[in-house]
Amino acid sequence: QEYSQALNNFLQASDAGHADAAVSAGAMFHEGLGTPLDHQKAFELYQLGGELGNIEGWRNVVRCYVLGEGVQRSVSTAEYIARTMLKEKKDNNENLDEVL
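From a predicted model like this one, the values you see are computed outputs, not experimental measurements.

Undergrad: Account for the overall build of the protein, naming residues and giving values.
TA: For the protein, the helix and strand inventory stands at seven helices and zero strands. Here the protein holds 100 residues, and the buried ones make up 36% of them. Put simply, of all contacts in the protein between residues at least 6 apart along the chain, 39% involve residues at least 24 apart. When the accessible surface of the protein is split by element, carbon and sulfur atoms take 45% of a total near 5,900 Å².

Undergrad: Lay out the packing of helix α4 (residues 55-67) against helix α5 (residues 75-84) in plain terms, naming residues and giving numbers.
TA: Where α4 meets α5, the closest approach of the two axes is 7 Å, and the angle between their N-to-C directions is 165°. Taken together, the axes of α4 and α5 lie roughly antiparallel to each other. Crossing hand, α4 versus α5: left-handed. Facing α4, whose interface residues are W58, V61, V62, Y65 and V66, α5 presents V75, T77, A78, I81 and A82.

Undergrad: Run through the confidence of the model for the protein, naming residues and quoting values.
TA: With 87% of its residues at a pLDDT of 70 or more, the protein has an overall mean of 90. When mean pLDDT is taken per element in the protein, helix α2 (residues 19-31) scores highest with 98 and helix α7 (residues 96-99) scores lowest with 53.

Undergrad: Now, about the environment of V66: what can you tell me, with residues and values included?
TA: Inspection of the secondary structure assignment puts V66 in helix α4. For V66, a relative accessible area of 16% corresponds to the buried category. Along the chain, V66 and S76 lie ten residues apart, while their C-alpha atoms are 8.6 Å from each other.

Undergrad: Tell me about the packing of aromatic side chains, and please be specific about residues and values.
TA: Tallying each qualifying case throughout the model produces one aromatic pair. Ring centres of F43 and Y65 lie 5.4 Å apart, and the angle between their planes is 90°; this geometry places the pair in the edge-to-face category. On the criterion of sequence distance, the pair formed by F43 in helix α3 (residues 39-51) and Y65 in helix α4 is long-range, its members being 22 residues apart. Judged by relative accessible area, which is 7%, F43 ranks as buried. Owing to a relative accessible area of 15%, Y65 belongs among the buried residues under this scheme.

Cut-offs applied
Residues numbered from 1 in each chain as written. Predicted model: local features only at pLDDT ≥ 70, side-chain atom pairs only at ≥ 80, totals over all residues. Heavy atoms only, no water. Helix = DSSP H or I, 4+ residues; strand = E, 2+ residues; numbered from the N terminus. Buried < 20%, exposed > 50% of the residue type's maximum accessible area, 1.4 Å probe, protein only. Contact = heavy atoms within 4.5 Å. Areas by Shrake-Rupley, 256 points an atom, 1.4 Å probe, with all protein chains shown as cover. Axes fitted to C-alpha atoms, helices over the stretch in contact; angles between N-to-C directions. Parallel < 35°, antiparallel > 145°, perpendicular 65-115°, else oblique. Left-handed = near helix turned anticlockwise from the far one by under 90°. pLDDT = per-residue confidence, 0-100. Phe/Tyr/Trp six-rings, centres within 6.5 Å; stacked < 30°, edge-to-face > 60°.

What follows is the structure, encoded as structure tokens:
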């Protein structure tokens, strides 16, 4: 019950443009907390969170592409996203291999 309420709150906040809420809702769909497991919905919410400015959203999108969770597996797409959307972190000396 608490998970379901938290998920609803995160979804409402993500609809209002809150990046962190989108990523949190994505994680709940990814793990099946308060909802049936749904990797495709998780991927969509991670991507929304990334587009709204949350770096963890992009990291999760990269992982989804690498693992083929919620999206067709594509290491080349994962690498492209890591090199473009995560460039800021890379420029701050983060090792991209940790993301991939």
